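Commentary on secondary and tertiary structure
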Amino acid sequence: MPLNDREKSQLREALQEAVVKCSERCLYQSSKWAAELLNAIPEPEVDDSDLTEFPDSYLSSVLTANADPDEAALEARELSKYMLAKSLFDCREFDRCAAVFLPESTLTGIIAPKETGPTPKSKGKGKASTAPTRLSSGRNIPKISQRSLFLALYAKYLSGEKRKDEDAEMVMGPQDLGTCRNKQLITVSRVLEAWFESRKSEDGEITDGQGWLEYLYGMVLAREKNEELALYWLVRSVHLFPMNWGCWLEMGSLISRVEDLNRVMVRLPQNIVSYIFHIHTSLELYQHDANLANSLDQLLNIFPNSAFLLTCNGMLAYHAKDLVAAEQHFSHLLSLHPHRLDSLDHYSNVLYVMNARPKLAFLAHLCSNVDKFRPESCVVIGNYYSLLSLHEKAVQYFRRALTLDRACLSAWTLMGHEYVELKNTHAAIESYRRAVDANRRDYRAWYGLGQTYEVLEMHAYALWYYKKAAGLRPWDGKMWMAVGSCLQRMGRNRDGIKALKRALLADNFYEAGSRSFENGDNMRGDPEILLQIAGMYDSLGEVEDAKAYMEMCVAQEGGVTGESQSDNIAIHQDSPGRSSEDGGGGEVGGGREVGADGTGVTAATSKARMWLARYAMRTEDYGTASRLANELCQDGVEVEEAKALIREVRSRMESAAGEGNARGLR
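Below: a short report on this structure. (Residues numbered from 1 in each chain as written. Predicted model: local features only at pLDDT ≥ 70, side-chain atom pairs only at ≥ 80, totals over all residues. Heavy atoms only, no water.)

1. Things to note about the nonpolar core
Counted only if it meets this: The term nonpolar core refers to a set of buried residues drawn from Ala, Val, Leu, Ile, Met, Phe, Trp, Tyr and Cys, joined through side-chain atoms within 4.5 Å. For every residue, the accessible area (1.4 Å probe, protein chains only) is compared with the maximum for its type, and the residue is labelled buried under 20%, exposed over 50%, or partly exposed between those bounds. A contact between two residues is defined here by any heavy atoms of the two lying within 4.5 Å.
Membership of the largest hydrophobic core comes to 193 residues, with the highest contact counts inside it found for Leu15, Leu216, Met251, Leu268, Phe277, Phe303 and Met415. Sequence-distant contacts of Met251, defined by excluding residues within four places in its chain, comprise Leu231, Leu234, Val235, Val238, Val264, Leu268 and Phe277.

2. Comments concerning the pattern of salt bridges
Counted only if it meets this: Any Lys or Arg side-chain nitrogen found within 4 Å of a carboxyl oxygen on Asp or Glu counts as a salt bridge. For helices the rule is a DSSP run of H or I covering at least 4 residues; for strands it is a run of E covering at least 2, with both sets numbered from the N terminus onward.
A full pass over the atoms with the stated rule returns 32 salt bridges. The residue Arg374 makes a salt bridge to Asp342 at a minimum N-O spacing of 2.7 Å. Placement of Arg374 in the loop between helix H19 (357–371) and helix H20 (375–387) and of Asp342 in the loop between helix H17 (323–336) and helix H18 (344–353) is noted, with a sequence separation of 32 residues between them. We classify Arg374 as partly exposed; its relative accessible area is 25%. Owing to a relative accessible area of 17%, Asp342 belongs among the buried residues under this scheme. Taken together, the shared-partner salt bridges connect Glu24, Arg25, Glu75 and Arg147 into one network.

3. Focus on the environment of Thr64
Turning to its location among the elements, Thr64 is positioned in the loop between helix H2 (28–40) and helix H3 (69–77). Through-space distance from the C-alpha of Thr64 to that of Glu24 is 8.7 Å; in sequence the pair is 40 residues apart. In this view, Thr64 contacts Val20, Lys21, Glu24 and Glu75; residues no more than four positions away in its chain are not counted.

4. A closer look at the packing of helix H10 (residues 212–223) against helix H12 (residues 245–253)
Worth spelling out the cut-off: For helices, the fitted axis covers only the stretch in contact; all axes are lines through C-alpha atoms, and the angles between them, taken along N-to-C directions, range from 0 to 180 degrees. Roughly parallel means an angle under 35 degrees; roughly antiparallel, over 145; roughly perpendicular, 65 to 115; everything else is oblique. Crossings are assigned a handedness: left-handed for a near helix turned anticlockwise from the far helix by less than a right angle, right-handed for a clockwise turn.
Running from amino to carboxyl end, H10 crosses H12 at an angle of 25 degrees, the nearest separation of the two axes being 10 Å. The angle between H10 and H12 places the two elements in the roughly parallel class. Here H10 and H12 pass one another in a crossing that is left-handed. Across from Tyr215, Met219, Ala222 and Arg223 in H10, the residues of H12 making contact are Gly246, Cys247 and Glu250.

Note that every value here comes from positions in space, so none of it alone points to a role or purpose.
Right under this line is the structure:
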């Protein structure tokens, strides 16, 4: 999507306006995001002699003018009060800030009619019964600008968040039940309801909105778990003011599936911010297809050095399991912005998986020097100690991250991993539960819950959590392998086979929503999974299928042959009908060299070779049994059993030869 000079100028002006307007309303994270994006747009080359001819859009402004004359008049009249309120907000005196425009007596006058209405037990949920009181309470709202009303109510909301954190016990302490709530949500919600009611026209439409109060109302509704209504107000907000990135993030937190994202996208305004939102939310849903990469490249052409988009690039490679590329992207980002701590916890996860201890040590040292009391810094340091197997110290830093910010999503999950390593299953389960409460899309937390319950031998619970993880990452074979193994332990071998076949094919190529897997000709299989499938077929008495998968397991030593294996790995009732004429057969043992994609000799392939040798003995195919046993001796795995098998083969062959000679003499 190349932009011409006029479009770039318009985009630059919109981002400049967003920076100022978000700052006016103390939405500093949204302001920072817009400012970073603004500075990522390449500046036009201008001579020093032309500096006096810059357009007005390049001139800085403290406050933006309001296009609505009534709102502009109100803002001008209350400028002194607004400056006082903003100063108090910046000093984190939230209650004083709110009291500048909405003192307690005024708030009581707004919400009192609702409390004395005919249905006092509804607590704001029954909207039909409270409609008459909202009409009367609308008259009690003071005549102030929307900017001042937003600042006052946002301060009230943050006051409740601050008190909630103060009331909460020590993280994972004996009294930390995760039940503390923001007690100001009801107050903020009722004031906003009354304000919107007062702005309704005769046909029921709300007029004169600017997008900010709609955003705050959507955020409050989301905290109250009224997600559908929250989504409605957030969508309305981005239509009125699309440059508020905080609103887009709030909307993204309500989307848990790709189908939900596609449904929401048709309701959104079509602009560059919605384009960025689609990419960001797709990455939050662990998507990593070619279309997403192409869209990200187009945005990077417009914002070449955007830290946000470069982070998205790294996350795209991470989700695609291309750890080397992900590390390169994050390293490049760190070289451009060495003091930026945002998303460095993801970089530390990449380095942890790569076992890159020196780089992780450098990153931990860097974060500690920049700001050791940022949650991201604590997570990075915790990952470093975890890599050193100092799990208790890692837990200490993850708890510190959560003390600083209980909404630090990755810290809950990583702390659960550490508790698993410490064999503290109760604390691990609680950590994982808090992680999924904070972020339902975190497949690692669902998978961790499954692992922990499996350790406790509660397989029904483990299966449910594993299925949740597999639903979030259907192309990840590890998730389906966990499902299949759990089903096997529950004695559901038939269902376990289906899940393990998904695991085989998911790691090769899987399109979400498709009912078939492709590229079967180039498919490789994990020998462990193939051996497990064969074992389940054997326990079901389906020996021919077991033999076919054992042969496929052995074949992985030398890489994939030119023949397709997809006929044998067709998922029951999940793939289009395919012929099974090949039967998965094929001679085992031909070409013992390890190919480019071969695994070489492993414990799984040796077990499969031993099973095939014993099967050959049962079917009196002594030549094949002898060859396979000799191969086992060469592999150096299960040598004693292989030698015993060779002796038994020779004995039977000699016995069979003796009987043949005796029959010949007769």
